Amino acid sequence: MSRRNAGGDDDHPWWKEAVVYQVYPKSFNDSDGDGIGDLAGLARRADYLDDLGVDAVWLCPVYGSPMADNGYDISDYRSIHPAYGDMDDWRQVRDVLHERDIRLVMDLVVNHTSDEHEWFRRSRREEDGYADYYHWWEGEPDEPPNNWESIFGGPAWSYDEARGEWYLHLFDEKQPDLNWRNSAVREDVHGMMQWWLDEGVDGFRMDVINLISKTEGLPDGDPEAGLTGAEHFMNGPRVHDRLREMHDRVLDDRDLLVVGETPGASVADAREYVGPNGDGLSMVFQFEHVTVDHGDDKWTTADVPLAEFKEIIAKWQAGLADEGWNSVYLSNHDQPRMVSRFGDDGEYRRKSAKLLGTLTHTLQGTPFVYQGEEIGMTNAPFESPDELRDVEAKNYVERAVEHGEADCYEDVRETVEATARDNARTPMQWSDDTHAGFTDGEPWIECNPNYAEVNVERARSDPDSVLSYYRELIALRHERDLLVYGEFELLAPDDPDVFAYSRRLDGERGLIVLNVAADATSFDVPAEVDRDGLELVIANADDAPATVPATLDLDPYEARVYLTPSQEGGVGR
Ligand code: GLC
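Within any chain, residue numbers begin from 1 and follow the written order of that chain's sequence. pLDDT decides what is reported in this predicted model: residues at 70 or higher carry local features, side-chain atom pairs at 80 or more are listed and counted, and totals for whole chains, interfaces and linings draw on all residues regardless. Each side-chain value is derived from all of the structure's non-hydrogen atoms; neither hydrogens nor water enter the calculation.

As recorded in an unreviewed UniProt entry, the protein goes by Alpha-glucosidase and comes from Saliphagus infecundisoli. Per UniProt, the protein has the following entry under Sequence similarities (unreviewed entry): "Belongs to the glycosyl hydrolase 13 family." UniProt positions are given in the numbering used here, feature names are shortened, and annotations may be inferred rather than shown by experiment.

Here is the structure:
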């Protein structure tokens, strides 16, 4: 298998040339029949990942946790949740991946802990050295310190009876925010990161890392400006200092992939986090393209406006082209399934899943594949609120009914089914066996009923499957520096159906044309594109012409990639 992990020089680190696969362990593969995916189950699928050709795995949290937010509420950073196994199982995962040249990136959740973490218990008791580990505020039990809203809905403050004070939680009340102004907190976090590095991890995905610094004095936010308070906790005043310190103390001089999750970050913000003069992050997960269909919040959604979507992608491509680097993703464990959202999960499921994969693998930046994306998994039905598992979705339904926006679940069901994070968390569909081959027990969340049709076993033996296409895409990505490093230029920005762009690197050129619509269309290749020498290298239709005609007749959701032949000795080869 051709893999580029060998790692190049400063300008061509392994993580720029990698394709990363995200594993949500709870839903990936269950080895012991308790209905919850686990590390032994993941280890058993190492050959699957190897065969797909990915270079790294980002593993969502597997640490000790009461699971209020599926592990994003950590009660012990240095242990493994028993449902997932233990440290020996984790080492087994590390080893089976490393044996296959697949790197392992861990989730680092340090904006907050669980309220069951030892630090919080001590802080609540105001034990020596721990009183200021979190954001506490004295005040009357009926008067929260400010008007900030939690990202999961409701106020961002809860009153703690034990300490008789308020504490801040930007997420669930069981996820108190750490006080990063306290140097002891920072030292503890650095020590923990060091511990995992000593265990051989190859990088970190830093959960909501741009929320760690809050405006001094915790002032009220503007209630008219979206999520109330965000201007005081997103990309806050000391965030760069904190990241630089972390970089200097822990991350410097190591060959790591460090990707920061940064909701609300602009291109200008991102340039401060990444790049040669940035804070030492390899890349960030920006959110603009996955909020393009949101109204006031994620629960009011519209169709994806393609022209705007293209503009956002083009802006990020250009903004991080010379300094910095992009991550490229359309799905993860917090987003609905991409084929349901950006494609068509009915008649054109395969075709549009392939088209979207073509997009993520032919932009400049590092592609991230979320488990199940590679077989075209779709959003799921949630017939009753009892089928929901995610705290965010449950809160939403509860509040909608409580506030009279809905009389009952049926009124919001469509919204939930289009938007809820649970869509991404239904079990990985391995086969058409009971529970999709995910577990021998009762799964913690229902399988998507379409698993008899959409599953790995079936896809594996079908050369025309989404899975086979992803394998080709990943291999192509490894073969061509042009696709990794080439300059991106958006073509026909106003075309409402076609997403077309060119890539260029030294003497090599590429043209990518995607018809992101359920209707056939034609596309006139713009005059600025030199069609000469471009050859079809991958397409999701059998009859695509091998060279570029002046006008492309495109089927619904047709995707084509034309490249000039590879020139020997290109950059980074
Ligand atoms: C991030 C995670 C999400 C989690 C939240 C709080 O956005 O991706 O799953 O709920 O942070 O940790």
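1. What about the overall build of the protein?
Think of it this way: any DSSP run of H or I at least four residues long counts as a helix, any run of E at least two long counts as a strand, and we number them from the N terminus. The secondary structure content of the protein amounts to 16 helices and 20 strands. Against the 2.2 N^0.38 benchmark of 25 Å for 573 residues, the protein shows a C-alpha radius of gyration of 23 Å, consistent with a compact globule. The principal-axis extents of the C-alpha atoms in the protein amount to approximately 70 × 50 × 50 Å. Of all 573 residues assigned to the protein, the portion counted as buried reaches 61%. The quantity called the radius of gyration is restricted to C-alpha atoms. Its globule counterpart is 2.2 Å times the number of residues to the power 0.38. With a 1.4 Å probe rolled over the protein chains alone, any residue whose accessible area is under 20% of its type maximum counts as buried; one over 50% counts as exposed, and the rest are partly exposed.

2. Description of the environment of V208
Here V208 lies in the loop between strand 9 (203–206) and helix 6 (230–233). Linking V208 and N235, residues 27 residues apart in sequence, is a C-alpha distance of 9.9 Å. We call two residues in contact when some of their heavy atoms are within 4.5 Å. With residues near it in sequence (within four places) discarded, V208 still touches N111, H112, F171, E261 and P263.

3. Considering the site of the ligand
D69, H112, D207, H333 and D334 are the nearest of the 14 residues found near the ligand. A 3.5 Å cut-off defines polar contacts: any pair of N or O atoms within that distance qualifies, except that in protein one atom must be a possible hydrogen donor and the other a possible acceptor, and neighbouring residues in sequence count only when both atoms are side-chain atoms. In the model, an oxygen atom of the ligand is placed 2.5 Å from a nitrogen or oxygen of the D69 side chain. For the ligand, whose accessible area on its own is 310 Å², the fraction buried by protein is 96%. Three residue categories are used. Nonpolar comprises Ala, Val, Leu, Ile, Met, Phe, Trp, Tyr, Cys and Pro, charged comprises Asp, Glu, Lys and Arg, and polar comprises the others, including Gly. Within the shell around the ligand, the residues separate by chemical class into four nonpolar, three polar and seven charged. Note on terminology: near, applied to a residue and a molecule or strand, indicates that one of the residue's heavy atoms is within 4 Å of it. Each accessible area is a Shrake-Rupley result for a 1.4 Å probe, and residues are judged covered by the shown protein chains and nothing else.

4. Digging into the sheet that holds strand 13 (residues 366–370)
Working definition: the strands of a sheet are paired by backbone hydrogen bonds and lie parallel or antiparallel to each other. Ordered by their spatial adjacency, eight strands build an open sheet running 11-10-9-5-2-1-13-12, and the pairing between neighbours is parallel. Single-partner strands in this sheet number two, and they are strand 11 (283–285) and strand 12 (327–328). Should DSSP find at least two bridges between two strands, the strands are taken to pair. Where strand 2 (residues 56–59) meets strand 5 (residues 103–108), four bridges bridge the pair, whose relative direction is parallel. Residue pairing for strand 5: V57 is matched across the bridge by L104.

5. Topic: helix 11 (residues 349–361)
Taking 1.5 Å per residue as the helical rise, helix 11 with its 13 residues ought to reach 18 Å, and the 18 Å between its terminal C-alpha atoms agrees with that figure. Within helix 11, 12 of the 13 residues are buried, leaving the element largely enclosed by the surrounding structure. Where helix 11 is concerned, the buried positions are R349, K351, S352, A353, K354, L355, L356, G357, T358, L359, T360 and H361. One fewer than the residue count of a helix, multiplied by 1.5 Å, yields its expected span.

6. Structural notes on the pairing of strand 8 (residues 165–168)
Where a strand is regular, its side chains alternate between the two sheet faces. Across the two faces of strand 8 the burial is the same, with E165 and Y167 and W166 and L168 all buried. Taken together, the two bridges between strand 6 (residues 136–137) and strand 8 define a ladder with antiparallel strand orientation. Considered in strand 8, the bridge of W137 is made with W166. Two successive antiparallel strands, strand 7 (residues 157–160) and strand 8, enclose a turn made up of four residues, where G164 displays a positive phi of approximately 70°.

7. Let's talk about unusual backbone geometry
A positive phi angle is found at M67, which is not glycine, with a value near 65°. Tracing the backbone through its elements, the reader meets M67 in the loop between strand 3 (63–64) and strand 4 (76–80). Look at M67 and you get buried, because its relative accessible area is 19%.

8. What about the side chain of Q371?
Position of Q371 among the secondary structure elements: in the loop between strand 13 and helix 12 (391–402). With a relative accessible area of 1%, Q371 lands in the buried category. Reaching out from Q371, the side chain makes a polar contact with the backbone nitrogen of Y24 at a distance of 2.6 Å. Residues within four places of Q371 in sequence aside, it is in contact with Y21, Q22, V23, Y24, S27, F28, R337 and M428.

9. Brief notes about the nonpolar core
Note on terminology: a nonpolar core comprises buried Ala, Val, Leu, Ile, Met, Phe, Trp, Tyr and Cys residues joined through side-chain atoms within 4.5 Å. Within the largest apolar cluster, 153 residues are counted, with the highest numbers of intra-cluster contacts made by W90 and M206. M206 has contacts with L108, M193, L243, M246, L251, V258, V259, G260, E261 and L281, leaving out every residue within four places of it along the chain.

10. Focus on the UniProt feature "domain: Glycosyl hydrolase family 13 catalytic" (unreviewed entry) in the protein
When the UniProt feature table is mapped to this numbering, "domain: Glycosyl hydrolase family 13 catalytic" (unreviewed entry) covers residues 22–425. Along residues 22–425, the helical share is 31% and the strand share 12%, with 12 Å between the first and last C-alpha atoms.

11. Topic: helix 12
The end-to-end C-alpha distance of helix 12, which contains 12 residues, comes to 16 Å, matching closely the 16 Å that a straight helix rising 1.5 Å per residue would cover. Every buried residue of helix 12 is listed here: V391, E392, A393, N395, Y396, V397 and A400. Structurally, helix 12 contributes buried residues whose contacts are with helix 13 (409–419). Immediately downstream of helix 12, the backbone of G404 shows phi near 75°, a positive value.

12. Focus on the sheet that holds strand 8
Read from one edge of the open sheet, three strands run 6-8-7, paired in antiparallel fashion. The two strands at the open ends of the sheet, each matched to only one other strand, are strand 6 and strand 7. Of the pairings in the sheet, the one linking strand 7 to strand 8 comprises four bridges and is antiparallel in character. Paired with Y159 across the strands is W166, a residue of strand 8.

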